[in-house]
Amino acid sequence: MIDWYVEAISFGNCNCDWACPCQFESLPTHGNCRGFEAFEIERGHFGDVRLEGLRVVLLYAWPGAIFEGNGEAQVIIDERANAEQRKALETVLHGGET
């Protein structure tokens, strides 16, 4: 396992009536989950790779609750990220180091 940490300012929304039931281990309002999350990393690293200042957007869709799995996600990484930073963010955002 690689030591990593991310602290970010974020904004997101999903298709549920309010908040995000999945974050409280409840089922989505409409039976599925569709949403997005955008964030700017204030502090972060992946091993020795620094991640501060980078921005990321996630678009996602799950057939049920997020915690039930089987979803799809599109990760959009800041064009300013170098190859190491991009690989680090892809790994974390695709669940490779959980």
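Residues numbered from 1 in each chain as written. Predicted model: local features only at pLDDT ≥ 70, side-chain atom pairs only at ≥ 80, totals over all residues. Heavy atoms only, no water.

K.L.:
Help me understand the environment of Cys20 in this model?
P.N.:
Positionally, Cys20 belongs in the loop between β1 (4-14) and β2 (33-46). On the basis of relative accessible area, Cys20 is assigned to the buried category, the value being 16%. As a C-alpha pair, Cys20 and Gly35 span 15 residues in sequence and 9.9 Å in three-dimensional space. (Helix = DSSP H or I, 4+ residues; strand = E, 2+ residues; numbered from the N terminus. Buried < 20%, exposed > 50% of the residue type's maximum accessible area, 1.4 Å probe, protein only.)

K.L.:
Please explain the packing of aromatic side chains as it appears in this structure.
P.N.:
A ring pair, where both rings are aromatic, is described by two values, the distance of the centres and the angle of the planes. Applying the stated criterion across every chain yields a total of two aromatic pairs. Look at Phe11 and Phe36: their rings are 5.7 Å apart centre to centre, the planes differ by 50°, and that puts the pair in the tilted class. With a gap of 25 residues between them, Phe11 in strand β1 and Phe36 in strand β2 connect regions that are remote in the sequence. Taking the relative accessible area as the measure of exposure, Phe36 reaches 27% and is therefore partly exposed. (Phe/Tyr/Trp six-rings, centres within 6.5 Å; stacked < 30°, edge-to-face > 60°.)

K.L.:
In this structure, what is going on with the layout of surface pockets? I would like to understand it.
P.N.:
In this approach a probe as big as a water molecule rolls over the atoms, and the regions it shows empty are the leftover space. In this structure, the largest pocket encloses a volume near 300 Å³. Along its surface, the largest pocket is lined by 13 residues, and Leu58, Trp62, Leu93, His94 and Gly95 are the ones closest to its centre. Secondary-structure elements contributing two or more residues to the lining of the largest pocket are β4 (55-62), β5 (72-77) and α1 (83-93). Broken down by element, the residue count for the lining of the largest pocket peaks at four residues, all from β4. Its residues placed into classes, the lining of the largest pocket shows 10 nonpolar, three polar and no charged. Taken as a whole, the second largest pocket spans an internal volume of roughly 230 Å³. In terms of lining residues, the second largest pocket is bounded by Gly12, Asn13, Cys14, Ala19, Cys20, Cys22, Gln23, Glu37, Tyr60, Ile66 and Phe67. Counting residues per element, the lining of the second largest pocket draws most heavily on β1, which supplies three residues. Within the lining of the second largest pocket, the residues separate by chemical class into seven nonpolar, three polar and one charged. (1 Å grid on protein atoms, 1.4 Å probe; cavity = no way out; pocket = protein on both sides within 12 Å on 5 of 7 lines; lining within 4 Å. Points joined across faces, edges and corners; volume = space filled by probe spheres on them. Nonpolar A, V, L, I, M, F, W, Y, C, P; charged D, E, K, R; others polar.)

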